Amino acid sequence: KQYSCGENYTPIVDIPTWAQQAGAAKGLNDGDPLARRVSLHVGDITKLEIDAIVNAANNSLLGGGGVDGAIHRAAGPLLKVECAQLKGCETGDAKATCGYKLPARYVLHTVGPMGSGDEALRSCYSRCLELARQHGLTSVAFPCISTGVYGFPAERAAKIALETVRDFLANDKYGEKIERIIFCVFLDADYRLYTQLLP
Ligand code: AR6
């Protein structure tokens, strides 16, 4: 199946919410209303059939390793053609493209800081959520931006990710329209970290 950016379809988000996940694991706080709109998922972000997946890209937006490489491979060569027209992206900023052969309609490319830079990392998450608002998207999956090749400490990054998303869901006017945010982690260590921090 191929989706273009503009095509209407019903996103299939059959991943349980944190409320369901936490409800199954005793002692975790599933009483928070935001828990019904957030999921923790372990796996390959390129497989998710949702409105948008976020790419942890570099300033050139022309592809690379890690999740960036996986997204470009799965999306096919047209993704790079569209990216090349964007003329790069500043650290902490984000730009949207179509998803091409991906099951996700859009890719939100963001550039995380290298090693440190809390403000820039926060900005990656909030700029992606602003792009979601601009494009009317209601389901977005984030990888652990900057914590791979870019070497940002994983725990600090997870706290920033959760705080920024929580703030948007709870306080931004568009936040209430967001149906699902998926934290798509790839490593067991990140899964453990998010499981501890999500409550
Ligand atoms: N699905 C979900 N998460 C993934 C996947 C995947 N298929 N593959 C890796 N991860 P990284 P960065 C996780 O290095 O640190 C690229 O070369 C990975 O385990 O992809 O922001 C770019 O072009 C880690 O938790 O991104 C840049 O040059 C997280 O994704 C540079 O790397 C991010 O790791 C960006 O580095």
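Thresholds, definitions, all that
- Residues numbered from 1 in each chain as written.
- Predicted model: local features only at pLDDT ≥ 70, side-chain atom pairs only at ≥ 80, totals over all residues.
- Heavy atoms only, no water.
- Buried < 20%, exposed > 50% of the residue type's maximum accessible area, 1.4 Å probe, protein only.
- Helix = DSSP H or I, 4+ residues; strand = E, 2+ residues; numbered from the N terminus.
- Pairing = 2+ DSSP bridges.
- Axes fitted to C-alpha atoms, helices over the stretch in contact; angles between N-to-C directions.
- Contact = heavy atoms within 4.5 Å.
- Core = buried A, V, L, I, M, F, W, Y, C linked by side-chain atoms within 4.5 Å.

S.K.: Describe the pairing of strand β4 (residues 106–111), naming the residues involved and giving the relevant values.
M.R.: Buried residues dominate β4, accounting for six of its six residues. Bridging between strand β2 (residues 52–57) and β4 involves six bridges; their strand directions are parallel. Paired with Asn55 across the strands is His109, a residue of β4. Pairing geometry for strand β3 (residues 94–98) and β4, over five bridges, is antiparallel. Pairing of Ala96 across the sheet is with Leu108, part of β4.

S.K.: Describe in detail the sheet that holds strand β5 (residues 139–142), supporting the description with residues and values.
M.R.: Strand order in the open sheet formed by six strands is β1-β6-β5-β2-β4-β3, and the pairing between neighbours is mixed. Edge positions in the open sheet fall to β1 (38–42) and β3, since each of these has one partner strand only. On average, adjacent strands in this sheet sit at an angle of 25° to one another, irrespective of strand direction. Packed on one face of the sheet, helix α2 (residues 66–75) meets β2 and β4 and runs near 130° to β2.

S.K.: Provide a residue-level description of the nonpolar core, including the pertinent values.
M.R.: One finds Leu108, Phe142, Ile181, Phe183 and Tyr194 to be the most contacted residues of the largest nonpolar core, which totals 42 residues. Among the elements that make up this core, the one with the highest residue count is helix α5 (residues 154–171) (eight residues). Discounting residues that sit within four places of it in the chain, Leu108 has contacts with Ala52, Ile53, Val54, Asn55, Lys95, Ala96, Cys128, Leu131, Leu137 and Val140. By size, the runner-up hydrophobic cluster in this structure holds 21 residues, among which are Ile15, Cys98, Ala104 and Ile182.

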